[in-house]
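# Residue-level structure breakdown
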Amino acid sequence: MGDEEAMSASDEGNARTAGYAPHPYIGGRTAVLRALSAWRMRWPGAPRVIVLTGNPGSGRSRLITGFLMLCDPDYRKRLPLDELDPATVPPDLPPPAVPGPEGRTAAQVLWLLADHFDLRAGRTEDVFTELAAREEPVTIVVPDVDRAGPVRAAQEPARLIREVLAPLAAVETVQLLADVPRELAAELAGALPSGQVQVIDLDAPEWADPAGLVLHAETALDPGTGAPELPYTTDPSARRALAEALAGRAAGNRLTVQLAVQSLIMQPEGFDPADPALLPGSVGEALDVHARRLGADPQTLRLMLAPLAFAEGEGLPVQLLVPLASAVAGRDMSQDIADGMLLAAPFIQPVEAEADDDAADGSAADGEGDTDAPGAGPARPLLRLMHPALAEEIRAGLPDVRDAQTKIAMALLEAVPQQDWAQADPYLRDHLAAHTLEAGLLPQLLTDPGLFAHADPVVLRAAIEAVPLEALGAPARTYLRTAPLLTRSQAPAEMRAAFLETAFVEDGLTPYAEALHTRGFRLPWRTLWSAPLPGVRAVTTGTLPQEGAQSAEGAGPRPVVALVVPEGTPGSRTVSSPAEGTGAEPGTTEGTDGAGAPDVAPAPGGQAILLHDLRAPEFLDADPAQVLRPTEDERAEAPFGLSRGADYLRVWARATQEVVAALVSDTPITGADLSADGVLVIATERGVTARQILAAAPAAPTVPAQRAGTTDADASHGLEGDHS
């Protein structure tokens, strides 16, 4: 920022000498706060991009949080701004965009930004183009890049750097501050000219804050902030001396100091502030010193915490701690954990997960939600470690990380009740794939269609995408193809099963589609057949008289569907009359009637028609002119009606006006029709599918019901719109 080289740790002392109070949340870091404030003000010579980095536990997250307090107009009112160093307080400006990456994919972070700035981008590259075209610069702060991604082993932080942060940093109208782990900082900073980017390493001498670390420890030891009354906490001089000793031993690492203070506050037995052997110098030593001081085996403590070091998502369900710890240790750990929870307490953080929506909604065949199902009802208690760096330390101390993860994955699989994913704890459904990914076992897991339907699609998709495509089996490739639809539609488990059922039929995996009908889902349809036939412009259901039908006992017209296809399509016939085989009555215009009338007017001068059996996967060699189309009266008397938009449609019962099936397509719908007996034929850019609607036909009303829903003229709600 012009004179950033002059900024150093001496600024902390200068600020205190001038009588300025430290930031109430950070407790120091004056030099960094001055640099960030200059960046926020776009001070002449200040860099446009700041990359904040440091060792795990160096306090990056806390620093970013404290700085954002100064940038938030509402939070500023609660801070003693007049008492702070003016050079650390940015002006009162609109708050920056802060797309939190924790647990999110790179794509999700990017679309958070697009939503924040009301961009009209339809593709990822359009986001950067629209930001570059803005007249006023935009300010973006991205904290906790190291926590990005729903799957730890999928390396989402690196993807976030490559696909989002580096392109953002290259946009001249973007002012970017990113909290980045050290191993990725050089990659982000190296893509820009030196005058536009500044790397602030919190562990470098010019940015270190030893005095602030002492203040942090001293405050945590103060009985006024919750510490117990002990000789070294109540006596100010003793408290100060202990804080200086802890900070000096920790070599500037705030997490080490935090864990040491937490240890002696929660369990002060056996602590002597005069004994330097009881002062940890690293995160790992904080674990081991704590265990030895309380007469426990450090390795036992690490084994107790090992499942939490591998935990995904928000944390590990309490009931899984014992079986997973036993699996990693290779022995029964139940007594160790029962006796040692107080030992582990300084390193564990309890959290509550939200109730599981899929379980609460219910997906049983009777349609009733089971309030006793795992995950339904109240929030579930979870456990997690105090900091990701603690998890890294515990994993690094294991002799074989992959072997430990394999044991955890097998124990999780055994915990699925009767291998029924509907009964499994949400953690098992959503995160088993992440554990098997790191164990190298994920491809073997991806054969169960029930898991595909029940698992969180964002998490499962991220895990599968981390596996080379050639290592995936056909079911997994089908899931990967369908995953964008599952994630964008935010469909519940039952609708995910329905989408996957059709996708399996489209890909020739009929046994997997049939399996979904045996897993307790009340699916809205059964996919009868699929034809990979691009270019279909319209579809019409009808019947085809069969030769000898009058003499053959029980024989009748054959249900068929007529497909309007490009000229020259193999098996098609060109008809000269616009009405032949298209389903249009002479003198009428095809439109979207709720009865499922054809949707596109035929081209003048003839068109190509291809006939297909309505229920069986069989093209027919027959004259389209022989097809008998339903009359308007027959359509009006049908039990179901159809309404659609560009990429969605609904089937509704005429008697009750109730929607019995709703579909969102990942490609534009080019044609749709619904037969009187409830066979829904849909043409998209990918091909044609036929689905039998499974809802029972309601009794016909005495007075014809009015059509419900929207017409084809309605604008599509898109993939994230109406999903009734």
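Residues numbered from 1 in each chain as written. Predicted model: local features only at pLDDT ≥ 70, side-chain atom pairs only at ≥ 80, totals over all residues. Heavy atoms only, no water.

This part covers unusual backbone geometry. Despite not being glycine, Arg42 has its phi angle at roughly 55 degrees, a positive value. Overall, Arg42 belongs to the partly exposed group, its relative accessible area being 43%. For Asp144, which is not glycine, the phi torsion reads 50 degrees and is therefore positive. Note on placement: Asp144 falls in the loop between β2 (138-142) and α7 (156-169). (Buried < 20%, exposed > 50% of the residue type's maximum accessible area, 1.4 Å probe, protein only. Helix = DSSP H or I, 4+ residues; strand = E, 2+ residues; numbered from the N terminus.)

Here we come to helix α13 (residues 283-293). Most of α13 is tucked away, with 9 of its 11 residues classed as buried. Looking at the buried side of α13, the elements it contacts are α12 (254-266), α14 (298-310), α16 (334-344) and α18 (388-396). The first or second residue beyond α13 is Gly295, which carries a positive phi of 75 degrees. (Contact = heavy atoms within 4.5 Å.)

Looking now at empty space enclosed by the protein. Applying the stated criterion to the full structure yields 7 cavities of 30 Å³ or more. The space that makes up the second largest cavity amounts to roughly 80 Å³. Lining the second largest cavity, in full, are Leu246, Ala260, Ser263, Leu264, Phe271, Leu278, Leu279, Pro280, Ala286, Val289, His290 and Arg293. At 4 residues, α13 tops the list of elements feeding residues into the lining of the second largest cavity. (1 Å grid on protein atoms, 1.4 Å probe; cavity = no way out; pocket = protein on both sides within 12 Å on 5 of 7 lines; lining within 4 Å. Points joined across faces, edges and corners; volume = space filled by probe spheres on them.)

Among the 8 residues in strand β10 (residues 558-565), 6 count as buried, and that is most of the element. When strand β9 (residues 538-544) meets β10, the two strands line up antiparallel, connected through 7 bridges. Note that in β10 the partner of Ala538 across the bridge is Val564. Direction of pairing for β10 relative to strand β12 (residues 607-613): antiparallel, over a ladder of 6 bridges. Its bridge partner lying in β12, Val565 is registered against Ala608. (Pairing = 2+ DSSP bridges.)

Glancing now at the side chain of Arg302. Residue position: Arg302 is located in helix α14. Residue class for Arg302 comes out buried when judged on its relative accessible area of 12%. Those residues in contact with Arg302 that lie beyond four places of it in its chain are Gly284, Leu287, Asp288, Glu393, Ile394 and Gly397.

Within the open sheet, the 3 strands sit side by side as β5-β7-β6. Their pairing is antiparallel. Two strands bound the open sheet, and with one partner strand each, they are β5 (316-317) and β6 (348-353). Where β5 and strand β7 (residues 380-385) come together, 2 bridges link them in antiparallel fashion. Paired with Leu316 across the two strands is Leu383, which belongs to β7.

Running from N to C, helix α2 (residues 30-41) and helix α3 (residues 60-71) cross one another at 45 degrees; their axes reach a closest spacing of 11 Å. In terms of orientation, α2 lies oblique with respect to α3. Along this stretch, α2 crosses α3, giving a crossing that reads as right-handed. Two secondary-structure elements touch here, α2 through Val32, Leu33, Leu36, Ser37, Trp39 and Arg40 and α3 through Leu63, Phe67 and Cys71. Residue composition of the contact of α2 with α3, grouped by class: 7 nonpolar, 1 polar and 1 charged. (Axes fitted to C-alpha atoms, helices over the stretch in contact; angles between N-to-C directions. Parallel < 35°, antiparallel > 145°, perpendicular 65-115°, else oblique. Left-handed = near helix turned anticlockwise from the far one by under 90°. Nonpolar A, V, L, I, M, F, W, Y, C, P; charged D, E, K, R; others polar.)

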